[in-house]
Amino acid sequence: MLEKSLVVGEYHIDTSQNSLIHGNRKVYLGPLRTSLLHFLCKNVNTVVTRDDLAQHVWGRLVTDHTINQHISQLRKSIGTLSLHGLNISTIPKRGYIARMEGVGISTENQQSPFTQGESAVNAINNMKVLVVEVQAAERIQLIEQLESLDVAYVEGVSTTIEAERSVALQDFDLVIVDSLIAEDAGIKLIKRIRTGQTSAAADIAILSTHFDVQRELLGLNSLLDVQGLLLKPFETSRLKQMLMVASKSNVVLKPQAAYELVPTDVLDVLEQAKAINE
């Protein structure tokens with residue numbers, strides 16, 4: 001049975017009200033997400049495995065997909081408080097960690113998980129990558145390049161519908177999204193991920209792809225916290241560099257409303273303007 005409350009730094013988890021409180025602000029989590037956050041914060045700045053969560057939160061065996069969904073919902077709830085001092089991160093092949101600066105940090109956890117005995121190359125080798133690329137030739141090329149870099153697992157799909165099915169079945173560390181998918185579907189997928197509307201972790205690392213560096217696209221990437229732009233045709237050296245950047249990224253999510261306000265038709269408008277000028 002949970003303690004009535006748990007205070008970690010400036011945050012108060014009230015298990016009697018199933019809520020998270022920060023100052024005079026409060027968000028209702030519900031019983032399961034309260035238990036989930038309680039266990040993560042009781043082990044603040046320490047990695048906990050999915051088996052640990054299944055045992056201590058659910059009390060039974062549950063699928064990775066179930067845990068991923070509830071972690072995503074918990075991040076979304078925390079985001080409504082606009083909290084930046086509390087962050088729940090996914091640690092590939094290990095589990096999750098509730099990070100909070102200045103609270104119970106041990107020497108072991110002061111380093112990034114990827115620097116604890118792992119080189120940048122090993123970080124890439126541990127990644128699971130989903131490629132969402134509409135053109136078959138480009139999709140195959142990118143998959144082959146990723147495999148040549150010894151990425152742990154690569155899956156390629158041509159539509160955002162397939163992408164959402166894939167993230168529901170697999171816990172990916174990185175999604176590479178084609179910005180040129182018709183009707184801005186690629187950008188809409190990124191927005192759906194960041195707003196917690198898919199089964200992927202809302203703070204998952206994301207790269208977008210395009211033929212050109214456009215100011216408007218870079219602006220969208222910034223607003224949607226995309227880790228980088230990968231230019232077509234793909235170059236293996238550039239891809240490796242971007243993977244290293246993505247592997248070290250720790251996305252601190254903005255409030256959900258900030259992502260919801262991001263327009264997704266910017267590239268479509270640009271194409272129409274280009275056609276008129278021609």
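See the structure above.
Description of the structure in this document. (Residues numbered from 1 in each chain as written. Predicted model: local features only at pLDDT ≥ 70, side-chain atom pairs only at ≥ 80, totals over all residues. Heavy atoms only, no water.)

**What to know about the sheet that holds strand E10 (residues 205-210)**
Okay, step 1: Strand order in the open sheet formed by five strands is E8-E7-E9-E10-E11, with parallel pairing between adjacent strands. This sheet does not close on itself; its edge strands, each paired only once, are strand E8 (153-157) and strand E11 (228-231). Taken pair by pair, the neighbouring strands of this sheet meet at an average axis angle of 20°, ignoring direction.
Okay, step 2: Judged from the four bridges that link them, E10 and E11 form a sheet pairing that is parallel. Within the sheet, the bridge partner assigned to Thr209 lies in E11 and is Leu230.
Okay, step 3: Lying over the sheet, helix H5 (residues 136-148) contacts strand E7 (128-132), E8, strand E9 (174-178) and E11, oriented at roughly 175° with respect to E8.
Okay, step 4: Packing of helix H7 (residues 185-194) onto the sheet brings it into contact with E7, E9 and E10, and relative to E9 it is tilted by some 150°. (Pairing = 2+ DSSP bridges. Helix = DSSP H or I, 4+ residues; strand = E, 2+ residues; numbered from the N terminus. Axes fitted to C-alpha atoms, helices over the stretch in contact; angles between N-to-C directions. Contact = heavy atoms within 4.5 Å.)

**Section: empty space enclosed by the protein**
Okay, step 1: A complete count under the given rule lists two cavities of 30 Å³ or more for this structure.
Okay, step 2: Estimates place the volume of the largest cavity at around 190 Å³.
Okay, step 3: What lines the largest cavity is a set of 21 residues, and nearest its centre among them are Arg75, Lys76, Gly79, Leu253 and Lys254.
Okay, step 4: Of all the secondary structure elements, the ones that give two or more residues to the lining of the largest cavity are helix H3 (64-79), strand E5 (86-91) and helix H10 (256-260).
Okay, step 5: Split into classes, the residues belonging to the lining of the largest cavity amount to 10 nonpolar, six polar and five charged.
Okay, step 6: What the second largest cavity holds in volume is close to 40 Å³.
Okay, step 7: For the lining of the second largest cavity, the residue count by class is five nonpolar, three polar and one charged. (1 Å grid on protein atoms, 1.4 Å probe; cavity = no way out; pocket = protein on both sides within 12 Å on 5 of 7 lines; lining within 4 Å. Points joined across faces, edges and corners; volume = space filled by probe spheres on them. Nonpolar A, V, L, I, M, F, W, Y, C, P; charged D, E, K, R; others polar.)

**With respect to a nonpolar patch on the surface**
Okay, step 1: A contiguous nonpolar patch, built from Val213, Leu218 and Leu231 and spanning about 230 Å² of accessible area, is present on the exposed surface.
Okay, step 2: Structurally, Val213 is set in the loop between E10 and helix H8 (215-223). (Patch = residues over 30% accessible without salt bridge, like charges linked within 9 Å, V, L, I, M, F, W, Y side chains within 5 Å. Areas by Shrake-Rupley, 256 points an atom, 1.4 Å probe, with all protein chains shown as cover. Salt bridge = Lys/Arg side-chain N within 4 Å of Asp/Glu carboxyl O.)

**Considerations on the packing of helix H6 (residues 160-169) against H7**
Okay, step 1: Between H6 and H7, whose axes approach to 10 Å, the crossing angle comes to 25°. In terms of orientation, H6 lies roughly parallel with respect to H7. Considering how the two elements wind past one another, H6 and H7 form a crossing that is right-handed. Contacts from Thr160, Ala163 and Glu164 of H6 reach H7 at Ala185, Gly186, Leu189 and Arg192. (Parallel < 35°, antiparallel > 145°, perpendicular 65-115°, else oblique. Left-handed = near helix turned anticlockwise from the far one by under 90°.)

**Re the environment of Gly156**
Okay, step 1: As for its position among the elements, Gly156 is in strand E8.
Okay, step 2: For the pair Gly156 and Leu130, spaced 26 residues apart in sequence, the C-alpha separation works out to 5.9 Å.
Okay, step 3: Beyond its immediate stretch of four places on either side in the chain, Gly156 contacts Val131, Arg139 and Ile143.

**So, the pairing of E9**
Okay, step 1: Counting buried residues along E9, five of its five residues qualify, which places the element largely inside the surrounding structure.
Okay, step 2: Burial along E9 is two-sided: Leu174, Ile176 and Asp178 and Val175 and Val177, pointing in opposite directions, are all buried.
Okay, step 3: In the sheet, E9 pairs with E10 via five bridges, with the strands oriented parallel. What sits directly across from Leu174, in E10, is Ala205. (Buried < 20%, exposed > 50% of the residue type's maximum accessible area, 1.4 Å probe, protein only.)

**Notes on the nonpolar core**
Okay, step 1: Residues Leu20, Leu37, Leu40 and Leu53 are the most contacted members of the largest nonpolar core, which totals 28 residues.
Okay, step 2: Of all the elements in the fold, those that place two or more residues in this core are strand E1 (5-8), strand E2 (11-14), helix H1 (31-42), helix H2 (50-58), H3, E5 and strand E6 (95-100).
Okay, step 3: It is H1 that contributes the most residues to this core, five residues altogether.
Okay, step 4: Not counting the four nearest positions on each side in its chain, Leu37 is found in contact with Ile13, Leu20, Leu29, Leu74, Ile78, Leu86 and Ile88.
Okay, step 5: Counting residues in each nonpolar core, the second largest holds 25 residues, with Ala185, Ile193, Ala202 and Val226 among its members. (Core = buried A, V, L, I, M, F, W, Y, C linked by side-chain atoms within 4.5 Å.)

**Thoughts on the pattern of salt bridges**
Okay, step 1: According to the stated counting rule, one finds seven salt bridges in the structure shown.
Okay, step 2: A salt bridge links Asp171 to Arg50, with the nearest nitrogen and oxygen atoms 2.0 Å apart. With Asp171 in the loop between H6 and E9 and Arg50 in helix H2, this pair connects stretches of sequence that are 121 residues apart.
Okay, step 3: On the basis of relative accessibility, which here comes to 13%, the residue Arg50 falls in the buried class.
Okay, step 4: By sharing partners, the salt bridges in this structure join Glu133, Glu138, Asp178 and Lys232 into a single network.

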